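Spelled out, the chains give:
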Amino acid sequence: MATLDNSTLLISGGSGSLGNALIEEIKKARPSYQFGFPKKVIIYSRNEYNQHLMMKKFEGVPWLRFRIGDVRDKDRLSWCCDKVDYVIHAAALKHIRMCEENPLEAVQTNIIGSSNIVDACMKNNVKRAVLVSTDKSPSPRNLYGATKFTAERLFAAANIYSKTCFRIIRYGNVVNSRGSVVEYFLKLKEQGIHEFPITDPNCTRFWMTLEQAAKAVLKHLTAEKAETLHIPRLPSMKITDVARAIDPECTFKFIGLQKSEKLHEELDDGYTSDTNTDWLTSEEFQKLLK
Ligand SMILES: NC(=O)c1ccc[n+]([C@@H]2O[C@H](COP(=O)([O-])OP(=O)(O)OC[C@H]3O[C@@H](n4cnc5c(N)ncnc54)[C@H](OP(=O)(O)O)[C@@H]3O)[C@@H](O)[C@H]2O)c1
């Protein structure tokens, strides 16, 4: 396994849920940390306030740097990748509805932004870069999935003509990430609302925690030999069972699937959230929430 020892790592979208989890993870086990310990980690994202919050949260962490920038801004991105060894590309517009309603914005950030990351990595001789992708990408039903599918292709294709090693990790729903359905159900419960809107009684999804996601990303980034695309094995659960695990008293209001949503998600050909062999129990799901 390659390690991050003494390297510089840039995380695009580093002020988001995954970015915070990555820093928690890297902070954990110095000096015997399995993935090694970078000398510098650069958080690259647009919103000053989010970076300010993260700065406060990780106050005193000497190896953390904050750079305001947009992945659409090729020059700024390239400048920030100077002397960078590794890149984790997490910046994205990830809300299905936002992408549907602002299609060009989704294209600009998720596709052009990923292409700019590829260019910046190549120009600065970055050793390795990992794109964080999603189960919405295979056979996409919505623009979010289609843009991430395209970003995956851009990363994979760049390996043909680049010294930088480009990799992709593709995974399912992250339980405790910003804007997840779990966050929404927890809010309803907190407000004393016990009737949960559910798209379809049979709807299933893959589930993992932010900590698991962060570890999986770092493992794929540092693996000496790896397939370009890595798909971790994840457990599934019905959305109705997720709701019951959060609030055993809840009832359901079925609102129907949107055209942009799938009944079951797909991580790869034949690897779907309904035919999966690994299922979470209510108790196991509750543990993921802690
Ligand atoms: N959460 C999930 O369930 C899940 C599942 C599978 C895959 N993923 C993928 O995992 C990645 C990270 O997800 P997350 O949950 O951490 O998302 P998140 O919490 O929404 O964070 C997204 C980050 O991207 C930044 N960003 C957005 N547009 C940008 C731009 N144009 N330039 C630079 N930074 C930009 C945001 O900060 P600013 O707004 O301040 O720029 C934020 O730091 C995404 O690529 C997503 O597609 C997520």
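Residues numbered from 1 in each chain as written. Predicted model: local features only at pLDDT ≥ 70, side-chain atom pairs only at ≥ 80, totals over all residues. Heavy atoms only, no water.

Participant: Requested: an account of the overall build of the chain, with residues and values cited.
Facilitator: Scanning the chain for helices and strands turns up ten helices and 14 strands. Expressed along its principal axes, the backbone C-alpha trace of the chain runs to roughly 55 × 40 × 35 Å. The buried share among the 290 residues of the chain stands at 51%. Long-range contacts, defined here as pairs at least 24 residues apart, represent 80% of the contacts in the chain between residues at least 6 apart. Of the roughly 14000 Å² of accessible surface on the chain, a fraction of 51% belongs to carbon and sulfur atoms. Looking at charge distribution, the chain has the averaged site of its 41 positive side-chain charges lying 6 Å from that of its 35 negative ones. (Helix = DSSP H or I, 4+ residues; strand = E, 2+ residues; numbered from the N terminus. Buried < 20%, exposed > 50% of the residue type's maximum accessible area, 1.4 Å probe, protein only. Contact = heavy atoms within 4.5 Å. Areas by Shrake-Rupley, 256 points an atom, 1.4 Å probe, with all protein chains shown as cover. Lys, Arg positive; Asp, Glu negative; His and termini not counted. Charge placed at Lys NZ, Arg CZ, Asp CG, Glu CD.)

Participant: How would you summarise the site of the ligand if you had to cite specific residues and measurements?
Facilitator: Neighbouring the ligand are 27 residues, the closest being Arg46, Asn47, Asp70, Tyr144 and Lys148. Ser17 has a polar backbone atom sitting 2.9 Å from an oxygen atom of the ligand. The contact in question runs from an oxygen atom of the ligand to an N or O atom on the backbone of Arg46, over 2.8 Å. Within the complex, 92% of the 890 Å² of free accessible area of the ligand lies under protein. Tallying contributions element by element places strand S5 (residues 128-134) first for the shell around the ligand, with three residues. (Near = heavy atom within 4 Å. Polar contact = N/O pair within 3.5 Å; in protein donor to acceptor, adjacent residues only side chain to side chain.)

Participant: Give me the lowdown on the sheet that holds S5, citing residues and values where you can.
Facilitator: Pairing between the strands of a sheet comes from backbone hydrogen bonds, and it takes one of two forms, parallel or antiparallel. The sheet built from seven strands is open, its strands ordered S3-S2-S1-S4-S5-S6-S10 with parallel pairing. Of all the strands in the sheet, just strand S3 (64-68) and strand S10 (229-230) have a single pairing partner and so form its edges. Sheet topology places strand S6 (residues 165-171) next to S10; two bridges connect them, and they run parallel. Bridge pairing in S10 places Ile168 opposite Leu229. Along the sheet, helix H5 (residues 103-123) makes contact with strand S1 (8-12), strand S4 (86-89), S5 and S6, crossing S4 at roughly 180°. (Pairing = 2+ DSSP bridges. Axes fitted to C-alpha atoms, helices over the stretch in contact; angles between N-to-C directions.)

Participant: I'd like a description of the pattern of salt bridges, backed by residues and values.
Facilitator: As enumerated under the stated definition, the model contains 15 salt bridges in all. One salt bridge connects Lys28 with Glu25, and the closest N-O pair in it is separated by 2.9 Å. Residue Lys28 and its partner Glu25 are both found in helix H1 (residues 17-28); the two are separated by three residues, about one turn of the helix. What makes Glu25 buried here is its relative accessible area of 3%. The closest approach of N and O atoms between Asp241 and Arg244, which form a salt bridge, is 3.0 Å. With Asp241 and Arg244 both in helix H9 (residues 239-246) and three residues apart, this pair spans about one turn of that helix. Among the charged side chains, a salt-bridge network with shared partners connects Glu25, Lys28, Glu211 and Lys215. (Salt bridge = Lys/Arg side-chain N within 4 Å of Asp/Glu carboxyl O.)

Participant: Break down the packing of H5 against helix H6 (residues 143-158) for me, with residues and values.
Facilitator: Look at H5 against H6: their axes get within 9 Å of each other, and the N-to-C directions meet at 15°. Taken as axis vectors, H5 and H6 run roughly parallel relative to one another. H6 is crossed by H5, and the crossing has right-handed handedness. On H6, the residues that touch Pro103, Ala106, Val107, Asn110, Ile111, Ser114, Ser115, Ile117 and Val118 of H5 are Leu143, Tyr144, Thr147, Lys148, Thr150, Ala151, Leu154, Phe155 and Ala158. The class makeup of the residues in the contact of H5 with H6 is twelve nonpolar, five polar and one charged. (Parallel < 35°, antiparallel > 145°, perpendicular 65-115°, else oblique. Left-handed = near helix turned anticlockwise from the far one by under 90°. Nonpolar A, V, L, I, M, F, W, Y, C, P; charged D, E, K, R; others polar.)

Participant: With reference to specific residues and values, describe the pairing of S1.
Facilitator: Across the five residues that make up S1, a large majority, five, are buried. Alternating positions in S1 separate into two faces, Thr8, Leu10 and Ser12 on one and Leu9 and Ile11 on the other, with burial throughout. Looking at chain direction, S1 and strand S2 (residues 40-45) are connected through five bridges and run parallel. Bridge pairing in S2 links Leu9 to Val41. Inspection of the sheet shows S1 paired to S4 by four bridges, in the parallel sense. Opposite Ser12, over in S4, you have His89 as the bridge partner.

Participant: Requested: an account of the nonpolar core, with residues and values cited.
Facilitator: Leu9, Ile23, Leu64, Ile88 and Tyr171 are the most contacted members of the largest nonpolar core, which totals 38 residues. If you tally residues by element for this core, the top one is helix H8 (residues 210-222), at seven residues. What Leu64 contacts, discounting residues up to four positions off in sequence, is Ile23, Val41, Ile43 and Phe58. Formed by 22 residues, the second largest nonpolar core is a distinct cluster that contains Cys81, Ile117, Val118 and Phe155. (Core = buried A, V, L, I, M, F, W, Y, C linked by side-chain atoms within 4.5 Å.)

Participant: I'd love a proper account of unusual backbone geometry, names of residues and values included.
Facilitator: Even without being a glycine, Lys83 presents a positive backbone phi close to 65°. Considering the arrangement of structural elements, one finds Lys83 in the loop between helix H3 (74-80) and S4. Assessed through its relative accessible area of 65%, Lys83 is described here as exposed.

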